[in-house]
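# Analysis of the macromolecular model
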Amino acid sequence: MPFTLATWNINSVRLREALVLRLLEEEAPDILCLQECKSPVEKIPVEGFERLGYRWRVAQGQKDYNGVAILSKRPMEEAGAVDHAALGHARHVAGRLEDGTVIHNFYVPAGGDVPNREMNVKFGQKLDYLRDMRDAFHAEAPARSILVGDLNIAPREDDVWSHKQLLKVVSHTPVEVAALAETQDSGAWVDITRQDIPEGPLYSWWSYRSPDWDAADKGRRLDHVWATPDIANAAHSSRVLRHVRGWEKPSDHAPVLATFDL
DNA sequence: ATGCCCTCGCACCGAGGA
């Protein structure tokens, strides 16, 4: 049975519960992966989600930062949660559907301001996190798997508003792009969004600091949908819901969707 | 770095986001 999956960095699931409900009502994805829930698991407001049919849920959380959750209309069991780079952060959770499809939901560290690990501990943590992701997929090749989330890297030149101006800006530096490529290669992950939308600028995040984000359009594609080669050809209809960035009191990220005929 | 916003908590600033 085909299913549609969405990934969205929500920037506080408690503050934006109403926006999550609106997305679930308007788009009705079968599965919604959230990042930056900024909530302990027990404080995630789940009643409304369950009322809309999202009866299954896996999540990892902590008090103030990070936090990831997967809401599903289909039966789903937890398939692990790893703390890459031993940061003690809730940045990953995985779920398994009844047909065996595994869904990884990741929130990769942002990496701070200075793209140099000698000068900026957070940048080193970001690279270490990607290294551990790479090693995990190298140790056990993923199959029938989907990986989504806020990977905090815009890899392609047309994934940012200005390649030249962002070369030294964390999220688009060559060292990060290379690290992400190694992680992607280690699992033979296919970039589903770019498989479906191969040409042209495509962004999923616009800074809160830009007064007119829509007109300025200084965005970056930080949010990704990947799949293993055995199911990549089942994916289609990828979309970035740019208009959601314009909702009242929005997240700074837009949802990214894909449909899988599995 | 284009501009200076948004969220959280032992809160009314500081840290983290990207």
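For clarity, every value in this text was computed on a predicted model and none was experimentally measured. (Residues numbered from 1 in each chain as written. Chains lettered and ligands numbered in written order. Predicted model: local features only at pLDDT ≥ 70, side-chain atom pairs only at ≥ 80, totals over all residues. Heavy atoms only, no water.)

## Examining the overall build of chain A
The test is simple: Helix and strand definitions here come from DSSP, where helices need a minimum of 4 consecutive H or I residues and strands a minimum of 2 consecutive E residues; each element is numbered from the N-terminal end. The reference for a compact globule is 2.2 Å times residues^0.38; the radius of gyration itself is calculated from the C-alpha atoms. When accessible area is computed with a 1.4 Å probe and restricted to protein chains, residues below 20% of their type maximum are described as buried, those above 50% as exposed, and intermediate ones as partly exposed. Areas reported as accessible are Shrake-Rupley estimates using a 1.4 Å probe. Residue values count occlusion only from the protein chains shown. In this tally, Lys and Arg are treated as positive and Asp and Glu as negative; His is ignored, and so are the chain termini. Note on charges: their place is set at NZ of Lys, CZ of Arg, CG of Asp or CD of Glu.
The helix and strand inventory of chain A stands at eight helices and 14 strands. In terms of overall size, chain A behaves like a compact globule, its C-alpha atoms giving a radius of gyration of 17 Å where 262 residues would be expected to give roughly 18 Å. Judged by the C-alpha coordinates and their principal axes, chain A covers about 45 × 45 × 40 Å. Expressed as a percentage of the 262 residues in chain A, the buried residues total 55%. Roughly 11,400 Å² of accessible area belongs to chain A as shown, and the carbon and sulfur atoms make up 49% of that amount. Taking the average place of the 31 positive charges on the side chains of chain A and the average place of its 39 negative ones, the gap between the two points comes to 5 Å.

## What about the UniProt feature "domain: Endonuclease/exonuclease/phosphatase" (unreviewed entry) in chain A?
Note the threshold: UniProt positions are given in the numbering used here, feature names are shortened, and annotations may be inferred rather than shown by experiment.
Sequence positions flagged by UniProt for "domain: Endonuclease/exonuclease/phosphatase" (unreviewed entry) are, in local numbering, residues 6–253. Secondary structure across residues 6–253 divides into 26% helix and 23% strand, with the first and last C-alpha atoms of the span separated by 12 Å.

## Re the sheet that holds strand E9 (residues 190–191)
For clarity, the cut-off: Here, strands pair whenever DSSP counts at least two bridges between them. Whether two residues are in contact is decided by their heavy atoms: any pair within 4.5 Å suffices. Axis definition: a line fitted to C-alpha atoms, limited for helices to the stretch in contact. Angles are taken between N-to-C directions and run from 0 to 180 degrees.
A sheet is described by the order of its strands in space; here six strands give the open sequence E5-E6-E7-E8-E12-E9, paired in mixed fashion. Unpaired on one side and paired on the other, strand E5 (76–78) and E9 mark the two borders of the sheet. Alignment of strand E8 (residues 145–150) against strand E12 (residues 223–227), held across five bridges, turns out to be antiparallel. Across the sheet, residue Val148 finds its bridge partner in E12, namely Val225. Along the sheet, helix H3 (residues 121–139) contacts strand E6 (92–97), strand E7 (102–107) and E8; its crossing angle with E7, the most-contacted strand, is approximately 165 degrees.

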